[in-house]
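# Structural overview
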Amino acid sequence: MPSIRVVVLGRVQGVGFRYWVRTQARQLGVTGSVCNRRDGSVEIVAEHKDSAVLDQLIQNLGNGPGQVERVSTQPWLAADASQFEIGPTE
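What you see is a predicted model; the values in this text were computed from it and never measured.

### Focus on the sheet that holds strand β4 (residues 67-75)
The 5 strands lie next to each other as β4-β1-β3-β2-β5, forming an open sheet whose pairing is mixed. For this open sheet the edge positions go to β4 and β5 (84-86), each flanked by a neighbour on one side alone. Shown here is a sheet whose adjacent strand axes are inclined to one another by a mean of 15°, direction ignored. With 3 bridges connecting them, strand β2 (residues 31-36) and β5 associate as parallel partners.

### Some words on the environment of Gly32
Looking at the secondary structure, you find Gly32 in strand β2. With relative accessibility at 11%, the residue Gly32 sits in the buried group. Counting along the chain gives 15 residues from Gly32 to Glu47, while the straight-line C-alpha distance between them is 6.0 Å. Residues within four places of Gly32 in sequence aside, it is in contact with Val45, Ala81, Gln83, Phe84 and Glu85.

Procedures and definitions
Residues numbered from 1 in each chain as written. Predicted model: local features only at pLDDT ≥ 70, side-chain atom pairs only at ≥ 80, totals over all residues. Heavy atoms only, no water. Pairing = 2+ DSSP bridges. Helix = DSSP H or I, 4+ residues; strand = E, 2+ residues; numbered from the N terminus. Axes fitted to C-alpha atoms, helices over the stretch in contact; angles between N-to-C directions. Buried < 20%, exposed > 50% of the residue type's maximum accessible area, 1.4 Å probe, protein only. Contact = heavy atoms within 4.5 Å.

Right under this line is the structure:
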């Protein structure tokens, strides 16, 4: 199953961004997790059988709360998550 790791930089902590990402992911049927990082960024690990759905999630990130300045993505090892969750700050 295709899986990606996304790091979102900008004003994305303290604005409800993780909760918004979880809602978007669940609406798209994406599994994985989202968490704040100590450097002020947000990390998303997302999985879906259709990589076009993952692309849609990435495109949606700029529409969330706060201010997204940069989004970086990389392929990731699938963890076969069963749902999309908010994780602790890493």
